[in-house]
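Spelled out, the chains give:
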Amino acid sequence: MNTRITGVIHTEGDDLFYKITGDGLPLIMIPGGGGDGDSFLPLADELAGKFKVITYDRRANARSTANQPGNFSITQHSRDVLAVLNAVGEESAYVLGNSSGGVIAMELVKNFPDAVRMAIIHEPPLANFADDPARWLKFFDDCYQVAVSKGSAKAATKFGMGVMGRKTIAPLLSDIRLKLYLLREPKQPGVAPMPQSLADDIFIKQELIQVTSYIPDLEALRTYKDKLIFAAGDWTVKHKVWFAEVAQKLAHETDSTFVTLPGAHVSFMDKARKWAEILEVCYTEPRK
């Protein structure tokens, strides 16, 4: 485990907590649902020899604040990436976005292309690009309705069990291994994650529908196709999980590159070394 630098940047009404691992080419990682940058720390440790890896908690998630939790905006989250980059002395960086972090990465490429050296967008959960969009749009709306009627904790359980279908063992194993890994991570005095109940409420009631119904600006992404790599896990592809369909379709629609990475939706948590080997090539070697 590498030495880390921690910090907080205040931007647009909230404090964003970040960590820096390593010293090299700048690489910022945008987390998915739950927004906890520590999910990337095993991968950051593997990449620290060549990259200055910047991980952060998205606003209204983990150790960042939620002063205006009802104002979720994908565009604002893309500005947050730029704010964190500037806070650590960078004007541009390589980007990795997982799940809803991948959606934010697409918005970042559209709004701030000069800040993006290369973006890898892993399994973005865009219902409109699935093979059966009506099914998934309804599923996410059902999750929201459960949150309204029965509470966000129950809705979060429905979401977690339903988004992968019945093929949940690989992501669960990744999560368990991450928790074991983070037992060695030093605690930050005076810094605590927000209550899980509030995090669930924000995720289900504010973030979920906006992210999953997002329509990317395909024309803009085609313009910057040389900055884009869409990705899905080999496990995800093999089991025909709908995230893989989305990533493959977006790569085709934008005439950009598609790659497979080891494992499933969050396998950067426990297959970090294999991920690092592929990411180093994607970011630093010219594409054919």
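Above this text is the structure in question.
Reading the values: rules and limits
- Residues numbered from 1 in each chain as written.
- Predicted model: local features only at pLDDT ≥ 70, side-chain atom pairs only at ≥ 80, totals over all residues.
- Heavy atoms only, no water.
- Helix = DSSP H or I, 4+ residues; strand = E, 2+ residues; numbered from the N terminus.
- Rg over C-alpha atoms; globule rule 2.2 N^0.38 Å.
- Buried < 20%, exposed > 50% of the residue type's maximum accessible area, 1.4 Å probe, protein only.
- Contact = heavy atoms within 4.5 Å.
- Areas by Shrake-Rupley, 256 points an atom, 1.4 Å probe, with all protein chains shown as cover.
- Core = buried A, V, L, I, M, F, W, Y, C linked by side-chain atoms within 4.5 Å.
- Polar contact = N/O pair within 3.5 Å; in protein donor to acceptor, adjacent residues only side chain to side chain.
- Expected span 1.5 Å × (residues − 1).
- Pairing = 2+ DSSP bridges.
- Axes fitted to C-alpha atoms, helices over the stretch in contact; angles between N-to-C directions.
- Patch = residues over 30% accessible without salt bridge, like charges linked within 9 Å, V, L, I, M, F, W, Y side chains within 5 Å.
- Salt bridge = Lys/Arg side-chain N within 4 Å of Asp/Glu carboxyl O.
- Phe/Tyr/Trp six-rings, centres within 6.5 Å; stacked < 30°, edge-to-face > 60°.
- Lys NZ or Arg CZ within 6 Å of the ring centre and 35° of its normal.

## Remarks on the overall build of the protein
Part 1: Looking only at helices and strands, the protein features eleven helices and eight strands.
Part 2: The C-alpha radius of gyration computed for the protein amounts to 17 Å, which stays within 12% of the reference 19 Å derived for 288 residues, consistent with globular compactness.
Part 3: A principal-axis box enclosing the C-alpha atoms of the protein has dimensions of 50 × 45 × 35 Å.
Part 4: Split into buried and exposed, the 288 residues of the protein put 55% on the buried side.
Part 5: A fraction of 75% describes how many contacts in the protein between residues 6 or more apart in sequence connect residues 24 or more apart.
Part 6: When the accessible surface of the protein is split by element, carbon and sulfur atoms take 52% of a total near 12,600 Å².

## Re the nonpolar core
Part 1: Ile28, Met106, Phe140, Phe159 and Trp242 are the most contacted members of the largest nonpolar core, which has 58 residues in total.
Part 2: For this core, the leading source of residues is helix H10 (residues 242–254), giving seven residues.
Part 3: Excluding residues within four positions of it along the chain, Met106 makes contact with Ile121, Pro124, Leu126, Tyr214, Pro216, Leu221, Phe230 and Leu250.

## As for the side chain of Thr21
Part 1: Relative to the helices and strands, Thr21 is located in strand S2 (residues 14–21).
Part 2: A polar side-chain atom of Thr21 sits 2.8 Å from a polar atom in the side chain of Arg4.
Part 3: Excluding its chain neighbours within four sequence positions, the residues that come into contact with Thr21 are Asn2, Thr3, Arg4, Leu41, Ala44, Asp45, Ala48, Phe51, Lys52 and Val53.

## Points about helix H2 (residues 74–87)
Part 1: The terminal C-alpha atoms of H2, which comprises 14 residues, lie 20 Å apart, in line with the 20 Å expected from a rise of 1.5 Å per residue.
Part 2: For H2, a buried count of ten out of 14 residues is recorded, marking the element as mostly surrounded by other parts of the structure.
Part 3: All of the buried residues along H2 are Ile74, Gln76, His77, Ser78, Asp80, Val81, Leu82, Ala83, Val84 and Leu85.
Part 4: With a side-chain oxygen lying 3.3 Å from the backbone nitrogen of Thr75, the N-terminal cap of H2 falls on Ser73.
Part 5: After H2 finishes, the residue Gly89 shows a positive phi value of roughly 85 degrees.

## A word on the sheet that holds strand S3 (residues 25–30)
Part 1: Here eight strands make up an open sheet; going across it, the order is S1-S2-S4-S3-S5-S6-S7-S8 and the pairing mixed. The strands lining the two open edges of the sheet, one partner per strand, are strand S1 (4–11) and strand S8 (257–261). Sheet twist, expressed as the mean angle between neighbouring strand axes with direction ignored, is 25 degrees.
Part 2: In this sheet, strand S4 (residues 51–56) lies alongside S3 in parallel orientation, the contact comprising five bridges. Across the sheet, the residue bridging to Leu25 is Phe51, located in S4.
Part 3: Each of strand S7 (228–233) and S8 is contacted by H10, which is oriented at about 160 degrees to S7, the strand it contacts most.
Part 4: Along the sheet, helix H11 (residues 272–284) makes contact with S3, S4, strand S5 (93–98), strand S6 (116–122), S7 and S8, crossing S6 at roughly 140 degrees.

## Some remarks on a nonpolar patch on the surface
Part 1: A grouping of Leu173, Ile176, Leu180 and Leu183 is seen on the molecular surface, where their side chains present a nonpolar patch of about 410 Å² in accessible area.
Part 2: By the element assignment, Leu180 lies in helix H6 (residues 169–182).
Part 3: Looking at Leu180, the relative accessible area reads 54%, which means it is exposed.

## Details of the environment of Arg273
Part 1: Within the secondary structure, Arg273 sits in helix H11.
Part 2: C-alpha separation for the pair Arg273 and Pro262, spaced eleven residues apart in sequence, amounts to 9.8 Å.

## Some thoughts on the packing of aromatic side chains
Part 1: In the structure shown here, the tally under the stated rule is 13 aromatic pairs.
Part 2: Through successive ring pairs, a cluster of aromatic residues spans Trp136, Phe139, Phe140, Phe159, Phe203, Trp242 and Phe243.
Part 3: If you follow Arg184 out to its NZ or CZ, it ends over the ring of Tyr181, 4.6 Å from the centre.

## Here we look at the side chain of Arg63
Part 1: Examined against the element boundaries, Arg63 turns out to sit in the loop between S4 and H2.
Part 2: Engagement of the side chain of Arg63 in a polar contact is seen with the side chain of Asp38, the distance being 2.9 Å.
Part 3: Polar contacts involving the side chain of Arg63 include one to the side chain of Asp57, which spans 2.7 Å.
Part 4: Ignoring any residue separated from it by four or fewer positions in sequence, one finds Arg63 in contact with Phe17, Lys19, Asp36, Gly37, Asp38, Asp57, Val191, Ala192 and Pro193.

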